[in-house]
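# Breakdown of the fold
What follows is the residue order along each chain.
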Amino acid sequence: MSLQLSDEQRSLVATVREFAARECGSREQRLALTDGGRSHTNLEIARKMADLGFLGLSIPEEYGGSGGGLFDACLFLEELAYNRIPLGSFGVTLIVAHMYLSFAGEDLKKEILGAVVAGMPTAVAMSEPGSGSDVASLRCRAEPVDGGYRINGQKTWISNAHISDHIMLVARTADTGQKHHGITMLSVPTSTPGIEIRPIATMGLEVNDVFFTDCVVGADRLVGVEGQGWQQLILGLNTERVIVGALALGQARRAFDDTLTYVTQREQFGRPVGSFQALSHRLADLATEIEVTRLLVHDVAQRVDENPGKLMPREASMVKLKATELAKLAALEGMQMMGGMGYTEEAGMEEQLRATVVGTVVGGTSEIQRDIIAKTFGL
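Quantities reported herein were computed from a predicted structural model and do not represent experimental measurements.

The rules behind the values
- Residues numbered from 1 in each chain as written.
- Predicted model: local features only at pLDDT ≥ 70, side-chain atom pairs only at ≥ 80, totals over all residues.
- Heavy atoms only, no water.
- Buried < 20%, exposed > 50% of the residue type's maximum accessible area, 1.4 Å probe, protein only.
- Helix = DSSP H or I, 4+ residues; strand = E, 2+ residues; numbered from the N terminus.
- Arc of directions from axis to C-beta.
- Contact = heavy atoms within 4.5 Å.
- Polar contact = N/O pair within 3.5 Å; in protein donor to acceptor, adjacent residues only side chain to side chain.
- Axes fitted to C-alpha atoms, helices over the stretch in contact; angles between N-to-C directions.
- Parallel < 35°, antiparallel > 145°, perpendicular 65-115°, else oblique.
- Left-handed = near helix turned anticlockwise from the far one by under 90°.
- Nonpolar A, V, L, I, M, F, W, Y, C, P; charged D, E, K, R; others polar.
- Phe/Tyr/Trp six-rings, centres within 6.5 Å; stacked < 30°, edge-to-face > 60°.
- Pairing = 2+ DSSP bridges.
- Salt bridge = Lys/Arg side-chain N within 4 Å of Asp/Glu carboxyl O.

### Notes on helix H3 (residues 43-51)
Residues of H3 that are buried include every one of Ile 45, Ala 46, Met 49 and Ala 50, and no others. Looking straight down H3, one finds its buried side chains confined to an arc of 140°; they lie on one side. If you follow the buried residues of H3, they end up packed against helix H1 (7-24), helix H2 (27-33), helix H4 (70-82) and helix H6 (106-117). You can read the cap of H3 off the contacts: a side-chain oxygen lies 3.0 Å from the backbone nitrogen of Glu 44, and it is on Asn 42. Gly 53 sits one or two residues past H3 and shows a positive phi near 85°.

### Quick notes on the packing of helix H8 (residues 237-265) against helix H9 (residues 277-306)
Across the interface, H8 lies against H9 with an axial gap of 10 Å and an inter-helix angle of 155°. When the axes of H8 and H9 are compared, the pair comes out roughly antiparallel. Between H8 and H9 lies a crossing of left-handed hand. Of H9, the residues touching H8 (which contributes Asn 238, Val 242, Gly 245, Ala 246, Leu 249, Ala 252, Arg 253, Phe 256, Thr 259, Leu 260 and Val 263) are Leu 279, Leu 283, Leu 286, Ala 287, Ile 290, Thr 293, Arg 294, Val 297, His 298, Val 300, Ala 301 and Val 304.

### Here we look at the side chain of Thr 122
On the secondary structure map, Thr 122 appears in the loop between H6 and strand S1 (123-125). There is a polar contact of 3.1 Å between the side chain of Thr 122 and the backbone oxygen of His 166. Once you skip the residues sitting within four places of it in the chain, Thr 122 turns out to touch Val 92, Thr 93, Val 96, Val 116, Asn 160, Ser 164 and His 166.

### A closer look at the environment of Leu 222
Counting through the fold element by element, Leu 222 comes out in strand S8 (residues 222-223). Remark: the alpha-carbon pair of Leu 222 and Met 185, spanning 37 residues in sequence, is separated by 6.3 Å.

### Comments concerning the packing of helix H10 (residues 313-338) against helix H11 (residues 349-357)
Relative orientation of the contacting elements H10 and H11 amounts to 155°, with a least axis distance of 8 Å. Between H10 and H11, the interaxial angle falls into the category roughly antiparallel. As for how H10 packs across H11, the hand of that crossing is left-handed. Along the contact surface, H10 presents Thr 324, Ala 327, Lys 328, Ala 331, Leu 332, Gly 334, Met 335 and Met 338, while H11 presents Met 349, Glu 350, Gln 352, Leu 353, Thr 356 and Val 357. Residue composition of the contact of H10 with H11, grouped by class: eight nonpolar, four polar and two charged.

### What to know about the packing of aromatic side chains
Taken as a whole and assessed by the stated rule, the structure comprises four aromatic pairs. Pairing Phe 54 with Phe 76 gives two aromatic rings, centres 5.5 Å apart and planes at 20°, and the pair type is stacked. With Phe 54 in the loop between H3 and H4 and Phe 76 in helix H4, this pair connects stretches of sequence that are 22 residues apart. Judged by relative accessible area, which is 5%, Phe 54 ranks as buried. Between the aromatic rings of Phe 269 and Phe 276, the centroid separation amounts to 6.3 Å while the plane-to-plane angle is 80°, which identifies the pairing as edge-to-face.

### What about the pairing of strand S5 (residues 183-189)?
Taking burial as the measure, the seven residues of S5 include seven buried ones, the bulk of the element. For strand S4 (residues 166-172) and S5, the ladder comprises seven bridges, and the chain directions are antiparallel. Directly across from Leu 169, in S5, lies its bridge partner Leu 186. Two elements, S5 and S8, share two bridges in a ladder whose sense is antiparallel.

### Details of the pattern of salt bridges
Following the criterion strictly, the structure yields 25 salt bridges and no others. Where Asp 258 meets Arg 84, a salt bridge forms, and the shortest distance between an N and an O atom there is 2.9 Å. Of the two residues, Asp 258 is situated in helix H8 and Arg 84 in the loop between H4 and helix H5 (90-103); the sequence distance between them amounts to 174 residues. Using a relative accessible area of 16% as the deciding quantity, one classes Arg 84 as buried. Across the pair Arg 141 and Asp 175 runs a salt bridge, and its minimum N-O distance is 2.5 Å. Of this pair, Arg 141 sits in strand S2 (residues 141-145) while Asp 175 sits in the loop between S4 and S5, and the two are 34 residues apart along the sequence. One continuous salt-bridge network, built from bridges that share partners, spans Arg 17, Glu 78, Glu 79 and Arg 253.

This is the structure in structure tokens:
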């Protein structure tokens with residue numbers, strides 16, 4: 001295994017950078033594409049990237065993708081975040097796509113994966129008002145009925161639901177007395193009667209409450225095996241956490257480079273502020289941490305590609321923990337070193353901070369990742 005990029009992978013990275021510079025390289029372009037910064041996904045940008053084949057890098061050719069691996073997708077995700085391309089929906093979309101790829105039947109794979117490759121976002125609904133880090137305590141019901149399932153309950157913090165045609169729902173189909181049993185995954189079209197999607201007002205997030213009231217879907221919307229949803233979620237954690245880590249790595253690089261540019265140009269006491277040891281040593285530490293994190297993310301992504309059926313709870317959680325905490329630190333350090341300028345919308349660092357802090361919460365908090373890592377050592 002080599003952590004060096006192939007010629008094809010270097011070409012991929014260069015092409016994404018060229019696209020970003022052309023389509024959304026300036027703050028003015030990004031504001032125009034995001035309704036003044038109020039939306040994090042531009043569907044026209046998604047379609048353009050789909051036409052270039054970027055959105056199907058890790059999707060097999062039979063479903064419209066290019067048949068690459070998770071590592072290829074991670075290189076794209078890293079550049080997506082670094083270049084601030086307004087496609088904030090894609091991380092979750094790719095996580096969900098891999099769930100379909102691993103567990104869905106052929107008809108659902110063709111339906112959903114083909115749409116993802118073409119630029120359509122999708123969503124997953126796990127969290128509930130009383131079920132966050134303890135996902136298995138969920139109460140949303142999908143009652144088996146003749147020929148399908150009747151769904152009742154509420155999901156919350158659901159990214160992409162307002163712009164998606166389908167939601168991957170994780171619901172309870174049976175009460176066995178053991179909370180990890182009787183959980184099932186269903187693909188629910190957002191056009192199904194009985195679904196209500198309400199946006200949640202937040203700073204820098206596009207999340208929703210989703211309410212299901214006697215919402216009925218057919219048995220053909222079952223993803224995987226009824227009652228085995230928890231086991232299926234566990235099997236997908238390698239991919240989910242590496243995807244989040246790749247995005248966070250891109251964010252950390254962006255915050256570092258923006259800070260470096262500022263402290264090189266900003267002068268006080270007759271010289272650039274970055275030349276003072278108080279700042280230069282902090283930047284040296286950040287640069288070292290970014291390189292360490294890059295090696296970790298790339299290594300684990302390649303190991304997942306080489307061992308697709310192997311659970312890697314320690315490594316995957318390390319990726320998620322290290323990369324998201326670093327992205328947050330890089331943005332915080334950037335704001336400190338940029339002084340008052342760091343708080344302005346023009347500089348963009350305050351936006352970076354909002355985007356990075358949430359990474360330590362979504363997809364399993366940093367505290368949960370530490371718990372998982374510790375348990376792999378028998379603690």
